[in-house]
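Single-letter residue listing:
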Amino acid sequence: MEQDTQKVHKRRVRYKGKYPKKFEEKYKELNPEKYKDTIAHVISKGNTPAGMHISIMVNEILDFLKIQPGETGFDATLGYGGHTKAMMECLQGKGHMYATDVDPEESEKTKERLAKAGFGEEILTVKLQNFCTIDEIAKEAGGFDFILADLGVSSMQIDNPKRGFSFRADGPLDLRLNQEKGISAAERLDKISWDELAGMLYENSDEPYCEEIAKAITDEIRKGNRVDTTTKLRKIIADTLDFLPEKEKKDTIRKTCQRVFQALRIDVNREFEVLYEFMEKLPGALKPGGRVAILTFHSGEDKLVKKALKAGYKEGIYSDYSKDVIRPSAQECAQNGRARSTKMRWAVKA
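Residues numbered from 1 in each chain as written. Predicted model: local features only at pLDDT ≥ 70, side-chain atom pairs only at ≥ 80, totals over all residues. Heavy atoms only, no water.

Trainee: What is the right way to look at the overall build of the protein chain in this model?
Mentor: For the protein chain, the count of helices and strands is 14 helices and 7 strands. Looking at the protein chain residue by residue over its 350 residues, the buried ones come to 48%. Within the protein chain, counting contacts between residues at least 6 apart in sequence, those at least 24 apart form 69% of the total. For the protein chain, the accessible surface area stands at approximately 18900 Å², while carbon and sulfur atoms represent 49% of it. (Helix = DSSP H or I, 4+ residues; strand = E, 2+ residues; numbered from the N terminus. Buried < 20%, exposed > 50% of the residue type's maximum accessible area, 1.4 Å probe, protein only. Contact = heavy atoms within 4.5 Å. Areas by Shrake-Rupley, 256 points an atom, 1.4 Å probe, with all protein chains shown as cover.)

Trainee: Can you help me understand the nonpolar core in this one?
Mentor: In this structure, Leu-173, Leu-189, Leu-197, Ile-217, Val-227, Leu-233 and Leu-264 are the most contacted members of the largest nonpolar core, which totals 30 residues. Beyond its immediate chain neighbours, meaning those up to four positions away, Val-227 contacts Leu-173, Ala-186, Leu-189, Ile-217, Glu-220, Ile-221, Lys-232, Leu-233 and Ile-236. Of all hydrophobic cores here, the second largest spans 28 residues; its members include Phe-74, Ala-149, Leu-282 and Leu-286. (Core = buried A, V, L, I, M, F, W, Y, C linked by side-chain atoms within 4.5 Å.)

Trainee: Please explain the sheet that holds strand S2 (residues 96-100) as it appears in this structure.
Mentor: Pairing is mixed across the open sheet formed by 7 strands, whose spatial order is S3-S2-S1-S4-S5-S7-S6. Single-partner strands in this sheet number two, and they are strand S3 (124-127) and strand S6 (318-321). Sheet twist, expressed as the average angle between the axes of neighbouring strands with direction ignored, equals 15 degrees. Where S6 and strand S7 (residues 343-349) come together, 3 bridges link them in antiparallel fashion. Paired with Tyr-318 across the two strands is Lys-349, which belongs to S7. The strands touched by helix H12 (residues 271-285) within the sheet are strand S1 (72-75), strand S4 (144-150), strand S5 (286-296), S6 and S7, with S5 carrying the most contacts at an inclination of about 150 degrees. (Pairing = 2+ DSSP bridges. Axes fitted to C-alpha atoms, helices over the stretch in contact; angles between N-to-C directions.)

Trainee: For this particular structure, what's the right way to read the environment of Thr-240?
Mentor: One can find Thr-240 in helix H10 (residues 230-240). Accessibility expressed as a relative area gives 17% for Thr-240, which makes it buried. Considering only alpha carbons, one finds Thr-240 and Ala-214, 26 residues apart in sequence, at a separation of 9.9 Å. Beyond its immediate sequence surroundings of up to four residues, Thr-240 is in contact with Glu-212, Ile-213 and Ala-216. Within polar-contact distance, the side chain of Thr-240 engages the backbone oxygen of Ile-236 at 2.6 Å. (Polar contact = N/O pair within 3.5 Å; in protein donor to acceptor, adjacent residues only side chain to side chain.)

Trainee: Would you mind showing me how to read the confidence of the model for the protein chain here?
Mentor: Regions with low pLDDT carry predicted coordinates that are not meant to be interpreted in detail. When pLDDT is averaged along the protein chain, the result is 85, and 81% of the positions lie at 70 or above. Confidence drops under a pLDDT of 50 for residues 1-5, and excluding neighbours within four residues, the segment shows 0 contacts in the predicted structure. (pLDDT = per-residue confidence, 0-100.)

Trainee: Explanation requested: the packing of aromatic side chains in the structure shown.
Mentor: Think of a pair of aromatic rings as described by two things: how far the centres are apart, and how the planes are tilted against each other in angle. Per the counting criterion, the structure on display carries 6 aromatic pairs. Where Phe-64 meets Trp-346, the ring centres are 5.0 Å apart and the plane angle is 35 degrees; that geometry is what we call tilted. One end of the pair, Phe-64, is in helix H2 (residues 58-65); the other, Trp-346, is in strand S7, and 282 residues separate them in sequence. Taking relative accessible area as the criterion, Phe-64 reaches 10% and is therefore assigned buried. Relative accessible area serves as the criterion here: at 17%, Trp-346 is assigned to the buried category. Their ring planes at 20 degrees and their centres at 5.2 Å tell us that Phe-74 and Phe-144 sit as a pair that is stacked. Separated by 70 residues along the polypeptide, Phe-74 in strand S1 and Phe-144 in strand S4 bring together distant segments of the chain. Here a set of aromatic residues connected by ring pairs shows up, and it is made of Phe-74, Tyr-98 and Phe-144. Over the aromatic face of Phe-64 sits the side chain of Arg-291, whose NZ or CZ is 5.0 Å from the ring centroid. Between the NZ or CZ atom of Lys-323 and the centre of the ring of Tyr-313, over which it lies, the distance is 4.7 Å. (Phe/Tyr/Trp six-rings, centres within 6.5 Å; stacked < 30°, edge-to-face > 60°. Lys NZ or Arg CZ within 6 Å of the ring centre and 35° of its normal.)

Trainee: How should the side chain of Thr-252 be read in this particular structure?
Mentor: Looking at where Thr-252 falls in the secondary structure, it is placed in helix H11 (residues 246-268). If we ignore the near neighbours within four places in the chain, the residues touching Thr-252 are Tyr-209, Leu-241 and Leu-244.

Trainee: What should I look at first to understand the packing of H12 against helix H13 (residues 299-314) in this one?
Mentor: A packed helix pair is summarised by two numbers, namely the angle formed by the two axes and the spacing between the axes. The geometry of H12 relative to H13 is characterised by a closest axis approach of 10 Å and an angle of 20 degrees between their N-to-C directions. By the angle between their axes, H12 is roughly parallel relative to H13. The two elements H12 and H13 meet at a crossing, and its hand is right-handed. In contact with Glu-271, Phe-272, Leu-275, Tyr-276 and Met-279 of H12, H13 contributes Gly-300, Glu-301, Leu-304, Val-305, Ala-308 and Leu-309. Classifying every residue of the contact of H12 with H13 by side-chain character gives 8 nonpolar, 1 polar and 2 charged. (Parallel < 35°, antiparallel > 145°, perpendicular 65-115°, else oblique. Left-handed = near helix turned anticlockwise from the far one by under 90°. Nonpolar A, V, L, I, M, F, W, Y, C, P; charged D, E, K, R; others polar.)

Rendered as structure tokens:
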């Protein structure tokens, strides 16, 4: 007689200590719909739950965009969908939102999440392409009444060790927003010269120790040792800055790691080139009187945006633009540490 084969229940692997530390162990944070109390607790402590992204400056963005039902909008960086959802709520079921994202994995999750919240394809069109293709999408949409470009990397990407965005956890040194295209940061370092790397670190993140770190990385690669994990890169940076006085060493290494990883991320994703192209095409995508808000997270981005908006205003393309940046409130920065470096600039099409 045949015995019925029963599916063996596989227990979740227990973690050491009171709270999970590894990304994959944070099963409650990775299931926000099921464990809402845990999510609220993590956010109340000023942290971002694993697998989530807390949208920055939502109120300031909505106050400026003044979205009306029936309008057509564009979210250049869909991400977790927080900004997109807030803008669609202003449309009150009338009008349409377009959004772009180059991350196939996260954009699909966001699309499903927004559909469950009542924002399906009848009001939202998600394009898996770079936001510098705004001209093509604007042509399809007939122009936009409002546009948002949040240039920050989403927390879901930063926190996941498999993506290689963070020096705090071991993972492959990848840093691509779309892992199906281009080359990883590790592959980029394989063939880079010392002077090119030093220039990249200085131009993309104003790294003061760019020459020393570039030399250490390229020396290591010349010895036949690939720098292909986040841990290896972090160790090279720490060893290179070992000469610093003990009282400032830890903080400087942390900040330098942030800048080096940022510089590599900007490079492998061609972020400055993409932003420059977007700013060039932006005026043509806006309807007369249309409004655009842009969030930047480091000086290179902010300078590029400021220069483009100022030039557009002088040429009569924009009727008004932000002479000064708008910053998140102290309260928001206390609740979300990742908001601290945010700068918002805006413009109104003539």
